Amino acid sequence: WLHVLERKLDALADSAHPDLRVLLTAMPSTDIPVPILHASIKLTNEPPSGLKANMLRAYAALGENVWESSSRQPELKSLVFALAFFHSAISERRKYGPVGWNASYPF
């Protein structure tokens, strides 16, 4: 189906509205035709590097309304911190394989 899409996009290239955008999402694959990749803007969403950056990303994902809507804010903040710290530590050490569990981090 990707080759059909490629032909349709080529046919639309001249007659389409200048603001036309096509959004495709995919996992990395060798099946995507090279002309589609060359004509595309590629974006990746990589996890942040480092424990502190992971923690900041986790907190940034929560809106202000999460904190305000809780009737037990101290408990919620402690729980979110513990989960964010655990997730950040696991995410950071996972990329080192078995050695990652033996490396210490300066925090």
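Being a predicted model, the structure only gives us computed values, none of them experimental. (Residues numbered from 1 in each chain as written. Predicted model: local features only at pLDDT ≥ 70, side-chain atom pairs only at ≥ 80, totals over all residues. Heavy atoms only, no water.)

Focus on the packing of aromatic side chains
So, step 1. Following the criterion strictly, the structure yields one aromatic pair and no others.
So, step 2. Ring centres 6.1 Å apart and planes at 20° place the aromatic pair F81 and F85 in the stacked group. With F81 and F85 both in helix α5 (residues 73–94) and four residues apart, this pair spans about one turn of that helix.
So, step 3. With a relative accessible area of 43%, F81 lands in the partly exposed category.
So, step 4. Classification of F85 by relative accessible area gives partly exposed; the value is 29%. (Phe/Tyr/Trp six-rings, centres within 6.5 Å; stacked < 30°, edge-to-face > 60°. Helix = DSSP H or I, 4+ residues; strand = E, 2+ residues; numbered from the N terminus. Buried < 20%, exposed > 50% of the residue type's maximum accessible area, 1.4 Å probe, protein only.)

Section: the layout of surface pockets
So, step 1. In this structure, the largest pocket spans a volume of roughly 1,300 Å³.
So, step 2. Elements that contribute at least two residues to the lining of the largest pocket include exactly α1 (2–15) and α2 (34–38).
So, step 3. A total of six residues in the lining of the largest pocket trace back to one element, the largest contributor, which is α1.
So, step 4. Its residues assigned to classes, the lining of the largest pocket shows 21 nonpolar, five polar and five charged. (1 Å grid on protein atoms, 1.4 Å probe; cavity = no way out; pocket = protein on both sides within 12 Å on 5 of 7 lines; lining within 4 Å. Points joined across faces, edges and corners; volume = space filled by probe spheres on them. Nonpolar A, V, L, I, M, F, W, Y, C, P; charged D, E, K, R; others polar.)

Some details on a nonpolar patch on the surface
So, step 1. Together, L12, L20, V22 and L24 give the surface a local cluster of nonpolar side chains, amounting to about 340 Å² of exposed area.
So, step 2. One can find V22 in the loop between α1 and α2. (Patch = residues over 30% accessible without salt bridge, like charges linked within 9 Å, V, L, I, M, F, W, Y side chains within 5 Å. Areas by Shrake-Rupley, 256 points an atom, 1.4 Å probe, with all protein chains shown as cover. Salt bridge = Lys/Arg side-chain N within 4 Å of Asp/Glu carboxyl O.)

A closer look at the side chain of S88
So, step 1. If you trace the backbone, S88 turns up in helix α5.
So, step 2. What makes S88 buried here is its relative accessible area of 0%.
So, step 3. Polar contacts involving the side chain of S88 include one to the main-chain amide nitrogen of M55, which spans 3.4 Å.
So, step 4. Once residues within four sequence positions are removed from consideration, S88 is found in contact with L51, N54 and M55. (Polar contact = N/O pair within 3.5 Å; in protein donor to acceptor, adjacent residues only side chain to side chain. Contact = heavy atoms within 4.5 Å.)

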